[in-house]
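Residue-level structure breakdown
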Amino acid sequence: MKKIEAIIKPFKLDDVKEGLAGLGVKGLTVTEVKGFGRQRGHKEVYRGAEYQVDFVSKLKIEIVLTADLVADAVRLIKEKAHTGQIGDGKIFILPVEEVIRIRTGERGKDAI
């Protein structure tokens, strides 16, 4: 099993979610996050005054799935979250040792 963590632009969430559902992903977690990468934030103008925004608002999507779905899920996230602009995001793939469904006690693939 693997865990995919993807940091994406907020307006791309619906496209990514619908695409993952089409792959058979049964659930995901979405968290509002702030951070910066190489772009180091950006400047905005508010009521005529320019100020530096150090942390950019993004969404973090977390998905746990079987290893056989990872390549397709990563391809789909890259395709659906891509704008070609700075700040499109990142995808992290991590190993998952065990999954346990609290309600039933199921483990492993059955708990996903």
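Residues numbered from 1 in each chain as written. Predicted model: local features only at pLDDT ≥ 70, side-chain atom pairs only at ≥ 80, totals over all residues. Heavy atoms only, no water.

**Examining the environment of Ile-102**
- Relative to the elements of secondary structure, Ile-102 occurs in the segment after β6 (90-95).
- Residue classification places Ile-102 among the exposed positions, given a relative accessible area of 83%.
- Residues Ile-102 and Lys-58 lie 44 residues apart in sequence; the distance between their C-alpha atoms is 29 Å. (Helix = DSSP H or I, 4+ residues; strand = E, 2+ residues; numbered from the N terminus. Buried < 20%, exposed > 50% of the residue type's maximum accessible area, 1.4 Å probe, protein only.)

**Quick look at the nonpolar core**
- In this structure, Ile-4, Ile-8, Val-16, Leu-20, Ile-63, Leu-65 and Ile-77 are the most contacted members of the largest nonpolar core, which totals 17 residues.
- Elements with a minimum of two residues in this core: β1 (2-8), α1 (13-23), β5 (56-65) and α2 (67-81).
- Take this core: its biggest share by element is six residues, from α2.
- Apart from residues lying up to four places away in sequence, Ile-63 is in contact with Lys-2, Lys-3, Ile-4, Leu-20, Val-25, Gly-27, Leu-28 and Ile-77. (Core = buried A, V, L, I, M, F, W, Y, C linked by side-chain atoms within 4.5 Å. Contact = heavy atoms within 4.5 Å.)

**Some remarks on the pattern of salt bridges**
- Counted by the stated rule, this structure contains seven salt bridges.
- Asp-72 is the salt-bridge partner of Arg-75, the closest N and O atoms lying 4.0 Å from each other. Linking Arg-75 with Asp-72, this pair stays in helix α2, spanning three residues, or about one helical turn.
- By relative accessible area, Arg-75 is classed as partly exposed at 43%. (Salt bridge = Lys/Arg side-chain N within 4 Å of Asp/Glu carboxyl O.)

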